[in-house]
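# Structural description and commentary
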Amino acid sequence: MTKEEVRGATEEEQQAQSKKALKKQQKEAEKAAKKAEKQAKLAAEQQSTEEDDFAKDRYGVLAMVQSQQKLDRTLVRVQDLTPEKADQLIWLRARVHTSRAKGKQCFLVLRQQQFNVQALVAVGDRASKQMVKFAANITKESIVDVEALVRKVEQKIESCSQQDVELHIERIFVISQAEPRLPLQLEDAVRADGEGEEEGRATVNQDTRLDNRVIDLRTTTSQAIFRLQSGVCQLFRDTLTKKGFVEIQTPKIISAASEGGANVFTVSYFKTSAYLAQSPQLYKQMCICADFDKVFCVGPVFRAEDSNTHRHLTEFVGLDIEMAFNYHYHEVIDSITDTMVQIFKGLRDNFQTEIQTVNKQFPSEPFKFLEPTLRLEFTEAVAMLREAGVEMGDEDDLSTPNEKLLGRLVKEKYDTDFYVLDKYPLAVRPFYTMPDPSNPKYSNSYDMFMRGEEILSGAQRIHDAQLLTERALHHQIDLEKIKAYIDSFRYGAPPHGGGGIGLERVCMLYLGLHNVRQTSMFPRDPKRLTP
Amino acid sequence: MPMYQVKPIYRREMEIDLPTCMYKLPNIHSQQGNSCTSEHALQNGEVDPAVKALEARQDEIMKKLYELKAAVEGLAKTVTTPDADLDLTVSSSLSPQSSSSTTFKGTTDLDTLLGKDLGALRDIVINANPAQPPLTLLVLHSLLCQRYRVLSTVHVHSSVASVPPQLLSCLGPRHADSYARHMFQLGFTLIWKDVPKLQMKFSVQNMCPIEGEANVARFLFKLLAPYPSDPALATLVDSWVDTAFFQLAECSAKERAAVLRALNSTLGRSPWLAGPEFSLADIASYCCVLQSGSASSAPANVQRWLKACENLGHFSPAKVLLQ
């Protein structure tokens, strides 16, 4: 019984409490009712003042896409918007590039990568005044879903890539909103060199671009550059694979500096230290000794050079080739130059729109080349430079200004931006370079140039341990440090040669750009580690 | 003094009142005395050894020239008469020793013609449009190859999409030593390129590009043989070269027929276009007649001359391309 009593007592208490609560609830309900009334009034007022928004469900900010539903909606690509699609109702997802409201109309430029199209929201039977206002207020760079009617235009729209059609928007929903303040404006970032200064318009400097790389990469120019770069890689792989080369992967953390050791990054490696690979050369050569015959590799290369020039990076992508040859190292030169020519041809034939896009911002002459590639000898280069009034010794290396001058002279005579300079003096090449058989002053080594700048340096390597030791001693290199390298040639090695190309430099020079940072997606130089 | 003396007409130290408004010159007459002594020696009957040597050399040259003339005439007879149908293989095997008229042996020297040797290959670069292959230059190239160590290379410029294979091999097979450019005397680099006019570049610093096939042909021919020293003959050769390139190759059928008539009448008078010697005029005209496709419809003298040209065996590179 006591239990019941207790229960009864608690019930009473509860009742007492609930009475209070009820009162409270009543009050709150009244408040809410009042609020609702007010809101209803407000809404009614709005509606009465701004007339009924019949297009309410045709625009808005969509809830964050968390994969709530899987729509079977097909989205059309901007680049596919051609006059054939005229009068079709399509769905499209794109970024708002610019928007411009004008009375009862709002013009939007919708962008997808390097393609853009003009779109129009106009007050009519599909769109209300509010919808136009909403469209005009969408921040630049926001991503929107749009349902629109494709219409042919009578006058070409010069400012867009899709010049023959425009979109008449029927529905517009924001998928992802951009912050209203952008760190840089896209139109400033694609302004042609020098143009901005004349008209007093803003230009974006290199560092601002690199600090906000994500936005800078959205520009048509950047899009084109990196599409072309991907094309270079693709063509490099395809051409070499067709020639019977094998792609290899080499380690990037190595125990000993491969060349000298002055410009190598040291990293801590458990209880000792290791280095970042300056080039995959040692491993390429070991693969040759291991009978892979012809190999190439695409991978990062690290150089700890504290030089802040337009063409040096501390990390870049190396395209490396190494091959065994039968009798003459020109077989290697022929393979490499043919690969380069195939790349240039592929770019010329398949990437013309990208090249044109980059040219709009950074005008340059089209890249010219010869097939088969022109090969000059070092002595000829020296003769050409001397004829032009340069004083230099027979065995001096080419200085950078002389390289450029030689590039101009060769261009003038042969009209080619790509050539090979063969037979460098032995004195200016690394110790593993094979000396010339007839003249000990020269060597079986070569450099390749694009627009007067060196892109590849290669040679026939010494494949004989005995001669390699001699040459190393001549260069006063500590034999202990390169023991592993020399040892790899002790068990029979085929004659071989090769070279390495910097991907960023090739892209930069092909497009005639002036800074290698433009062709590196997230460049690393002595002053930049982010983003 | 073996001879009588004559009183001087004027006094040696004559006082002349010279005007002072102009600069002064030394008296010419006062210097005459020095040369008198050597004249005396000659008048004594002693012949200067230098003159003797000169005379001997002249005699020798004349003798050689007569021999050459005889050889040439003999050969010209066999070549210009269509009946003497020399087998091509025979003529080419003979030419290095006997036929002095067809392998030009001038006193040309590359150093004097192309400038000082800088210790590197002297490379002649020719930009030609694949639509108009320069037949004359190909013929001259093969003649140059007989004369010098020529490194011949063919390239395709990126302005041209593709080139038929016979144009790529038009300079003949690759030289066995082509890997060592320094071993050659002369470079002949042919680049197939989208150019409106054929172009030749040699030295970028000291020379402007030479335009037009005719002009380049003249340049190359000078490397083979000196131009005729007789200005009239040189002009004749020049005018035939121009006629060939401007009227045979580029003009209408009517004008071509007129040129063929002119050729016919000239060839009626002499075996070759510019007189008794085979010259650039013949090379250029032959190639242009062949290129214009009027070889079969040519009049009799021209037909005979065409055949004579063919017998020389220099024109195979051009004929290969036209097939």
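Computed from a predicted model, the values in this text were never measured in an experiment.

Here we come to the overall build of chain A. Broken down by element type, chain A carries 15 helices and 18 strands. Compactness check: chain A gives a C-alpha radius of gyration of 34 Å against a globular reference of 24 Å for 531 residues, more than 25% above the reference. Taken along its principal axes, the extent of the C-alpha atoms in chain A is 110 × 85 × 40 Å. A total of 531 residues make up chain A; the buried ones form 48% of that total. Expressed as a percentage of contacts within chain A between residues at least 6 apart in sequence, the contacts between residues at least 24 apart total 69%.

A separate point is the overall build of chain B. A tally of helices and strands in chain B yields twelve helices and five strands. Every one of the 323 residues in chain B was classed for burial, and the buried ones make up 40%. Sequence separation of 24 or more characterises 76% of the internal contacts of chain B that already satisfy a separation of 6 or more.

Another point: helix 10 (residues 280-292) of chain B. All names here are of chain B. Between its first and last C-alpha, helix 10 extends 18 Å over 13 residues, near the 18 Å set by a 1.5 Å rise per residue. Burial within helix 10 is extensive, with twelve of its 13 residues counted as buried. Within the sequence span of helix 10, burial applies to Leu280, Ala281, Asp282, Ile283, Ala284, Ser285, Tyr286, Cys287, Cys288, Val289, Leu290 and Ser292. Where helix 10 is buried, its residues meet helix 5 (135-147), helix 7 (213-224), helix 8 (231-248), helix 9 (253-269), helix 11 (300-312) and helix 12 (316-322). One or two residues past the end of helix 10 sits Gly293, with phi positive at roughly 75°.

Here the focus is the domain arrangement of chain A. Residues and elements named next belong to chain A. According to the domain assignment, chain A consists of domain 1 (60-176), domain 2 (186-218) and domain 3 (221-518). One C-alpha centre belongs to domain 2, the other to domain 3; they are set 33 Å apart. Here domain 2 and domain 3 share an interface that buries about 820 Å² over both sides, 45% of which is from carbon and sulfur atoms. Inspection of the domain 2/domain 3 interface yields zero salt bridges. Applying the counting rule to domain 2 against domain 3 returns five residue pairs in polar contact (both at pLDDT 80 or more). Elements with a minimum of two residues in the side of domain 2 that touches domain 3: helix 5 (206-211) and helix 6 (213-216). When residues in the side of domain 2 that touches domain 3 are grouped by element, the largest group, three residues, is from helix 5. By residue class, the composition of the side of domain 2 that touches domain 3 is five nonpolar, one polar and six charged.

Opposite charge on two side chains permits pairing when their charged atoms draw close. All chains considered together, the criterion is met by 39 salt bridges over all chains. For Lys243 of chain A, the salt bridge goes to Asp338 of chain A, with nearest N and O atoms at 2.6 Å. One end of the pair, Lys243 of chain A, is in the loop between helix 7 (220-242) and strand 7 (246-247); the other, Asp338 of chain A, is in helix 9 (residues 330-350), with 95 residues separating them in the sequence. Note that Arg181 of chain B and Asp123 of chain B form a salt bridge whose closest N and O atoms lie 3.4 Å from each other. Taken together, the residues Arg181 of chain B in the loop between helix 6 (165-168) and strand 3 (186-192) and Asp123 of chain B in strand 1 (residues 122-128) connect sequence positions 58 residues apart.

What follows covers a positive patch on the surface. Residue and element names in this part refer to chain A. Side chains of Lys19, Lys23, Lys27, Lys31 and Lys35 sit close together on the surface and give a patch of like positive charge. Mapped onto the elements, Lys19 comes out in helix 1 (residues 2-50). You can call Lys19 exposed: its relative accessible area is 61%.

Judged by pairing direction, the sheet is mixed, and its six strands sit side by side in the order 13(A)-2(B)-3(B)-1(B)-4(B)-5(B) without closing on themselves. Looking along the sheet, the strands with just one partner apiece sit at the ends: strand 13 (370-371) of chain A together with strand 5 (210-211) of chain B. Inspection of the sheet shows strand 4 (residues 199-201) of chain B paired to strand 5 of chain B by two bridges, in the antiparallel sense. Across the sheet, Met200 of chain B pairs through a bridge with Ile210 of chain B, a residue of strand 5 of chain B. Sheet strands touched by helix 12 (residues 400-414) of chain A: strand 13 of chain A together with strand 1, strand 3 and strand 4 of chain B. Its angle to strand 1 of chain B, the strand with the most contacts, is close to 55°.

With that out of the way, let us pick up the domain arrangement of chain B. All names here are of chain B. Taken domain by domain, chain B holds domain 1 (110-224) and domain 2 (231-320). The interface of domain 1 with domain 2 comprises 14 residues on the first partner and 14 residues on the second. Of the roughly 1400 Å² buried between domain 1 and domain 2 on both sides combined, carbon and sulfur atoms contribute 72%. The largest share of the area that domain 1 buries against domain 2 comes from Leu135, Val139 and Arg218, three residues that together contribute 41% of it. Seen at the junction of domain 1 and domain 2, the total is two salt bridges. The shortest N-O distance in the salt bridge between Asp238 and Arg218 comes to 2.6 Å.

Before going further, it helps to examine a nonpolar patch on the surface. A surface patch of nonpolar side chains, amounting to about 590 Å² of accessible area, comprises Ile9, Tyr10, Met14, Ile16 and Leu18 of chain B. When you line up the elements, Ile16 of chain B lands in the segment before helix 1 (36-43).

Moving on to helix 11 of chain B. Residues and elements named next belong to chain B. Here helix 11 is 13 residues long and its end C-alpha atoms lie 19 Å apart, about the 18 Å a rise of 1.5 Å per residue gives. Of all the residues in helix 11, the buried ones are Val302, Trp305, Leu306, Ala308, Cys309, Asn311 and Leu312. Looking one or two residues beyond helix 11, the residue adopting positive phi is Gly313, at roughly 80°.

Of all residues in chain B, 83% have pLDDT values of 70 or greater, and the mean over the chain is 79. Residue range residues 82-103 of chain B is modelled with pLDDT below 50. Its contacts to residues more than four positions away, or to other chains, number 27 contacts.

Residues and elements named next belong to chain A. Pairing is antiparallel in the open sheet, where three strands are placed in the order 8-10-9. Only two strands of the sheet have a single partner each, and these edge strands are strand 8 (253-254) and strand 9 (266-269). When strand 8 meets strand 10 (residues 272-276), the two strands line up antiparallel, connected through two bridges. Residue pairing in the sheet places Ile253 in a bridge with Leu276 of strand 10.

The partner chain A presents 24 residues to the 27 residues of chain B that form the contact. It is His155, Ser158 and Arg181 of chain B in chain B that bury the most area against chain A; as a group they hold 25% of the surface buried on that side. For the salt bridge of Asp415 of chain A with Lys193 of chain B, the shortest nitrogen-to-oxygen distance reads 2.7 Å. Where chain B touches chain A, the interface holds 17 residue pairs in polar contact (both at pLDDT 80 or more). For the side of chain B that touches chain A, the secondary structure elements donating two or more residues are strand 1, strand 2 (150-157) and strand 3 of chain B. When residues of the side of chain B that touches chain A are assigned to their parent elements, the largest contribution, four residues, is made by strand 2 of chain B. Looking at side-chain class alone, the side of chain B that touches chain A contains 13 nonpolar, ten polar and four charged residues. Inspection of the sheet shows strand 13 of chain A paired to strand 2 of chain B by two bridges, in the antiparallel sense. Directly across from Glu371 of chain A, in strand 2 of chain B, lies its bridge partner Val156 of chain B.

Bringing the nonpolar core into the picture now. Note on soluble globular proteins: their nonpolar side chains tend to be buried together. The biggest cluster of nonpolar side chains holds 73 residues, and the ones touching the most others in it are Ile126, Leu140, Leu220, Leu263 and Trp305 of chain B. The leading source of residues in this core is helix 10 of chain B, at nine residues. Residue-level mapping places this core at the junction of two domains, with at least three residues from each of domain 1 (110-224) and domain 2 (231-320) of chain B. Apart from the residues lying within four places of it in its own chain, the contact partners of Leu220 of chain B are Ile124, Ile126, Leu137, Leu140, Leu144 and Phe188 of chain B. Core analysis: the second largest hydrophobic core is formed by 52 residues, Phe236, Leu313, Phe351 and Phe362 of chain A among them.

On average, chain A scores 88 in pLDDT, and the residues at 70 or more come to 92%. Per-element confidence in chain A ranges from a low mean pLDDT of 61 for helix 4 (residues 195-199) of chain A to a high of 96 for strand 7 of chain A.

Right, let's get into the packing of aromatic side chains. The description of an aromatic ring pair rests on the distance of the ring centres and on the angle between the ring planes. Residues and elements named next belong to chain A. For the coordinates displayed, the defined rule picks out 18 aromatic pairs over all chains. With a centroid separation of 5.2 Å and 80° between ring planes, the pair formed by Phe344 and Phe418 is classed as edge-to-face. With Phe344 in helix 9 and Phe418 in strand 15 (residues 418-422), this pair connects stretches of sequence that are 74 residues apart. There is no split in this pair, since Phe344 and Phe418 are both buried. An aromatic cluster of three or more residues is present, and its members are Phe344, Phe367, Phe369, Phe418 and Tyr510. The ring of Trp91 carries the charged tip of Arg73 above its face, separated from the ring centre by 3.6 Å.

Conventions and cut-offs
- Residues numbered from 1 in each chain as written.
- Chains lettered and ligands numbered in written order.
- Predicted model: local features only at pLDDT ≥ 70, side-chain atom pairs only at ≥ 80, totals over all residues.
- Heavy atoms only, no water.
- Helix = DSSP H or I, 4+ residues; strand = E, 2+ residues; numbered from the N terminus.
- Rg over C-alpha atoms; globule rule 2.2 N^0.38 Å.
- Buried < 20%, exposed > 50% of the residue type's maximum accessible area, 1.4 Å probe, protein only.
- Contact = heavy atoms within 4.5 Å.
- Expected span 1.5 Å × (residues − 1).
- Domains from an automatic or database assignment.
- Buried area = accessible area lost by both parts, 1.4 Å probe.
- Salt bridge = Lys/Arg side-chain N within 4 Å of Asp/Glu carboxyl O.
- Polar contact = N/O pair within 3.5 Å; in protein donor to acceptor, adjacent residues only side chain to side chain.
- Nonpolar A, V, L, I, M, F, W, Y, C, P; charged D, E, K, R; others polar.
- Patch = residues over 30% accessible without salt bridge, like charges linked within 9 Å, V, L, I, M, F, W, Y side chains within 5 Å.
- Areas by Shrake-Rupley, 256 points an atom, 1.4 Å probe, with all protein chains shown as cover.
- Lys, Arg positive; Asp, Glu negative; His and termini not counted.
- Charge placed at Lys NZ, Arg CZ, Asp CG, Glu CD.
- Pairing = 2+ DSSP bridges.
- Axes fitted to C-alpha atoms, helices over the stretch in contact; angles between N-to-C directions.
- pLDDT = per-residue confidence, 0-100.
- Core = buried A, V, L, I, M, F, W, Y, C linked by side-chain atoms within 4.5 Å.
- Phe/Tyr/Trp six-rings, centres within 6.5 Å; stacked < 30°, edge-to-face > 60°.
- Lys NZ or Arg CZ within 6 Å of the ring centre and 35° of its normal.

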